[in-house]
Amino acid sequence: MGVKGQLGLGAKFTLTVLIILVCTMAANTLYSLHTSTRFHEKQLVERGRALGRLISLVSPEAILGFDFLLLNEYTRQVSAQPDVVYGVILSPAGSPLSAYIDRVDPLVLARVPETASSDVLDLLRQLDNESELIRLEFPIVHNDEQLGRFLVGISKHTLQRESRRQLEVQVAALTVIVLFLSLAIYLAFRFNVLFPIQALISASRDVGRGQHALVQVKAEDELGQLAKAFNAMAEEVRKEQEKLHRQANFDTLTGLPNRLMALDRITHAISRSSRISHRFALFFIDLDNFKSVNDSLGHAVGDELLVATGARVQGILRDADTVARLGGDEFLVLVPDVINEFQAEEIAERLVRAISQPHVLSGRKVVARCSIGIVLFPENGDTVAALMANADNAMYQAKAAGQGSAIFFTEDMNTRLHERMQMEQDLNQALELGQFEVFFQPIFDAATRNHRGAEVLLRWNHPERGSISPSVFIPIAEATGQIVGIGDWVLEQTCLNWAAWQRVGFAPGFLAINISRVQFRKRFSRRLAELMATYGIPPQALELEITEGVLLDDHNHVAEELNSLRAAGVSLSLDDFGTGYSSLSYLKRFRFDVLKIDRSFVAGLPENSEDVSLVNAILAMAKGLGLDVVAEGVERQEQMTYLADQGCSLAQGYLLAQPMDRNAYQAFLEVARARDAHTPGGTRHKIMLAG
């Protein structure tokens, strides 16, 4: 089985044909030989009969005349014929009258030595048992009287020897013919069948390895049709593999290489640059505020912007450079053979300029900005993972620096990143370990300086780092989504404290709570309604401070949430008013009760003419819209006086009161209650200025 399994198709086919030829030709040869032998044997018999009949005709006269010499001559003549072993005339009693034995015949020599005499009848009996001998008997009759018998023995030895010779000749001829035919069949099979099949096998292996060599079609027979079918199949496989390769390695929207191919090209760039000691640069690009484009102009325009940005970046680079879209609004540029940082900086500047050029998309003028993180090989990492991580880190630092920034990676970025990651981990446990605390900064009537309420502030008392400012950990909590749980805790603490103070007779006024952009997405109004119901909080006790960042999100959702809050009777305040470029449009689109003037405008009052103009404009606009105004960051008496004179409703700042913890604020409320008790008809009193 092992040998059979090792035979090739050509050997199997040739062996099969050889067996068939041998069997067929051998059968034909044996049949021909058998027929020839029978024919010659028949001829021998006929010749013997002719001799017998002749002797039986001529012998009676010699027997009747007792002419034994003549009888001997007859038998000698007969026996002298080829293949005749003996010729014997017997009397009717069976006695030999004349006999001639060919004593040199092999059949006779095998029984009687040539020199020895023997009994003719005994010799005849021995020879009659020999299969190679044909024994014929003819009666010798005269006038119906039997005078004797003539016996003639004919040997088939010569006939058999000739048959064997013919068999040997035919076997030799058959062997030559079979070998010739086998060789001819093998060669014809090899060139016409095996070679095309081997070509198909080789091409199939190439297709399996991703190579696409087609086979040559040399004929229109079945193998030619098979080759055509294979070529058609290979072409389909090639197209499908190209399609899969493109889907796996290229971005379907922009047609640029995707993250997978970008990583592969960085790997090759590392290998090449290491070999020839050249630098290359990676530029990690992220579009600024791309979400606002999608939200305000639609995802179709956002997709057009991504396509146009990719094409524009590709247009300013060399063919050897790689531009890839990593996903979302992130692009990666790989520039090999960068000489120094100045060259990389010049490329980054060209990228920033190209991306910030206005686009006209769907009939609208759209301006995109980007932030770019830059790393150089090998200075900023010697692996793909390190380079990508550092470029991503630098990009986030660039984004923090402001739109249109491009920043090189530095090691201290990783230090800050590690600190940020550690803070993320600490934030996960801070709420559970009770490290958060709410503070209250009182808000006053700007004209009377009576206490009106307080802004709720969050503090984090880190066991190792001490008090951490909200400006440090709130952005991290928002980025990680932890702000949802933290904000909910602040909201509940606010309701809980307000209800507790109200029960003991204090007048806590309204409590203003900052609402995160992330927190606002999670069905905030429903959660607030649950807390108000649980603690019995009236809607006028709460004021929600919302930044423009909240309003940048999905307008429909924001509008629904704001309407739900207004329906519940909760006051809405637009925080940090004036710091965003589109605040006026928000005032038109959404309905608020209070505007909060950012401390940056209050700081220059009343000396700075620009701040004076802006604050006056805000106050006039709020008055026209029927809105209250809270001025933040009031730290000097001149500021307080100016704001009061200009009709500002409310104020807060270190001049009036610093943020205080729960117990301090409760003490503050006790003082306020005592003063109210001594003020006829009043529920709120003028507060002593801090310091």
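Look up a bit, the structure's there.
An account of the accompanying structure is given in this report. Fair warning: this is a prediction, and the values are worked out from it, not measured in the lab.

Remarks on the overall build of the chain
Moving on, step 1. Scanning the chain for helices and strands turns up 24 helices and 20 strands.
Moving on, step 2. Relative to its length of 691 residues, the chain is extended, with a C-alpha radius of gyration of 60 Å against a globular reference of 26 Å.
Moving on, step 3. The principal-axis extent of the C-alpha atoms belonging to the chain is close to 200 × 60 × 50 Å.
Moving on, step 4. For the chain, the proportion of its 691 residues judged to be buried stands at 42%.
Moving on, step 5. Contacts in the chain between residues at least 24 apart in sequence constitute 64% of all its contacts with a sequence separation of at least 6.
Moving on, step 6. Accessible surface, the chain: about 35,900 Å² in total, of which carbon and sulfur atoms supply 55%.
Moving on, step 7. Averaged over its 67 positive side-chain charges, the chain has a centre that lies 3 Å from the centre of its 82 negative ones.

Some points on the packing of aromatic side chains
Moving on, step 1. Enumeration according to the criterion identifies 13 aromatic pairs in this entry.
Moving on, step 2. Here the aromatic rings of F280 and F377 are separated by 4.9 Å at their centres, their planes lie at 10°, and the arrangement is stacked. Of this pair, F280 sits in strand 5 (residues 279–288) while F377 sits in strand 10 (residues 369–377), and the two are 97 residues apart along the sequence. For the pair F280 and F377, one class covers both residues: buried.
Moving on, step 3. Measuring from ring centre to ring centre gives 5.1 Å for F440 and Y665, while their planes differ by 15°; the resulting arrangement is stacked. In this pair, F440 is assigned in strand 12 (residues 436–445) and Y665 in helix 24 (residues 662–677), connecting sequence segments 225 residues apart.

A few points about the packing of helix 2 (residues 9–64) against helix 6 (residues 157–208)
Moving on, step 1. Helix 6 packs onto helix 2 with a crossing angle of 160° between their chain directions and a minimal axis gap of 8 Å. One way to sum up the angle between helix 2 and helix 6 is to call them roughly antiparallel. Seen from above, helix 2 lies across helix 6 with right-handed handedness.
Moving on, step 2. A breakdown of the residues in the contact of helix 2 with helix 6 according to their chemical character gives 23 nonpolar, 10 polar and one charged.

Notes on unusual backbone geometry
Moving on, step 1. Cis geometry is adopted by the peptide bond preceding P378, which originates at F377 and carries an omega value of 10°.
Moving on, step 2. On the secondary structure map, P378 appears in the loop between strand 10 and helix 12 (384–401).
Moving on, step 3. Across the junction of L605 and P606, the peptide omega takes the value -10°, indicating a cis bond.
Moving on, step 4. Mapped onto the elements of the fold, P606 is located in the loop between helix 21 (599–602) and helix 22 (609–625).

Some points on the sheet that holds strand 4 (residues 145–155)
Moving on, step 1. Read across the sheet, four strands follow the order 2-1-4-3 without closing on themselves; strand pairing throughout is antiparallel. Where the open sheet ends on each side, the last strands, each with one partner, are strand 2 (96–101) and strand 3 (133–142). Neighbour-to-neighbour, the strand axes of the sheet open up by a mean angle of 10°, direction not taken into account.
Moving on, step 2. Sheet topology note: the strand 1 (residues 84–90)/strand 2 ladder contains five bridges and is antiparallel. Considered in strand 2, the bridge of G87 is made with Y100.
Moving on, step 3. The strands that helix 3 (residues 68–79) touches are strand 1, strand 2 and strand 4; relative to strand 2, the one it contacts most, it runs at about 30°.

Let's talk about the nonpolar core
Moving on, step 1. Counting residues in hydrophobic clusters, the biggest one holds 78 residues, and the most contacted among them are F520, L528, L544, L551 and Y665.
Moving on, step 2. Considering every element that reaches this core, the biggest residue donor is helix 15 (residues 483–503), with eight residues.
Moving on, step 3. When sequence neighbours within four positions are dropped, the list of residues in contact with F520 reads I515, I546, V550, H557, V558, E561, L562 and L565.
Moving on, step 4. Within the second largest apolar cluster, 31 residues are counted, among which are L287, L306, V313 and A344.

Brief notes about the pairing of strand 19 (residues 628–631)
Moving on, step 1. Relative to strand 19, strand 18 (residues 594–597) runs parallel, the two sharing four bridges. Counted as the bridge partner of L595 is V629 from strand 19.
Moving on, step 2. Bridge count for strand 19 against strand 20 (residues 650–651) is two bridges, and the pairing is parallel. The residue of strand 20 that forms the bridge with V630 is L650.
Moving on, step 3. Crossover connection from strand 19 via helix 23 (residues 637–645) to parallel strand 20: handedness right-handed.

Considerations on a nonpolar patch on the surface
Moving on, step 1. Nonpolar side chains collect at one region of the surface, where L183, L187, F191 and F195 lie side by side and expose about 370 Å² of accessible area between them.
Moving on, step 2. On the secondary structure map, F191 appears in helix 6.

Regarding the sheet that holds strand 11 (residues 406–408)
Moving on, step 1. On the basis of which strands lie adjacent, the open sheet formed by five strands has the order 6-7-5-10-11 and mixed pairing. The sheet is open, and its two borders are formed by strand 6 (322–327) and strand 11, each paired with just one other strand. Direction aside, the axes of adjacent strands within the sheet are offset by 20° on average.
Moving on, step 2. As defined by bridge partners, strand 5 adjoins strand 7 (residues 330–338) across eight bridges and the pair is classed as antiparallel. Each residue of the ladder has a partner; that of R279, found in strand 7, is V338.
Moving on, step 3. Set on the sheet, helix 12 makes contact with strand 5, strand 6, strand 7, strand 10 and strand 11; between it and strand 10 the angle comes to about 145°.

Quick notes on the rules
Residues numbered from 1 in each chain as written. Predicted model: local features only at pLDDT ≥ 70, side-chain atom pairs only at ≥ 80, totals over all residues. Heavy atoms only, no water. Helix = DSSP H or I, 4+ residues; strand = E, 2+ residues; numbered from the N terminus. Rg over C-alpha atoms; globule rule 2.2 N^0.38 Å. Buried < 20%, exposed > 50% of the residue type's maximum accessible area, 1.4 Å probe, protein only. Contact = heavy atoms within 4.5 Å. Areas by Shrake-Rupley, 256 points an atom, 1.4 Å probe, with all protein chains shown as cover. Lys, Arg positive; Asp, Glu negative; His and termini not counted. Charge placed at Lys NZ, Arg CZ, Asp CG, Glu CD. Phe/Tyr/Trp six-rings, centres within 6.5 Å; stacked < 30°, edge-to-face > 60°. Axes fitted to C-alpha atoms, helices over the stretch in contact; angles between N-to-C directions. Parallel < 35°, antiparallel > 145°, perpendicular 65-115°, else oblique. Left-handed = near helix turned anticlockwise from the far one by under 90°. Nonpolar A, V, L, I, M, F, W, Y, C, P; charged D, E, K, R; others polar. Pairing = 2+ DSSP bridges. Core = buried A, V, L, I, M, F, W, Y, C linked by side-chain atoms within 4.5 Å. Right-handed = clockwise from strand over helix to strand, strands pointing away. Patch = residues over 30% accessible without salt bridge, like charges linked within 9 Å, V, L, I, M, F, W, Y side chains within 5 Å. Salt bridge = Lys/Arg side-chain N within 4 Å of Asp/Glu carboxyl O.

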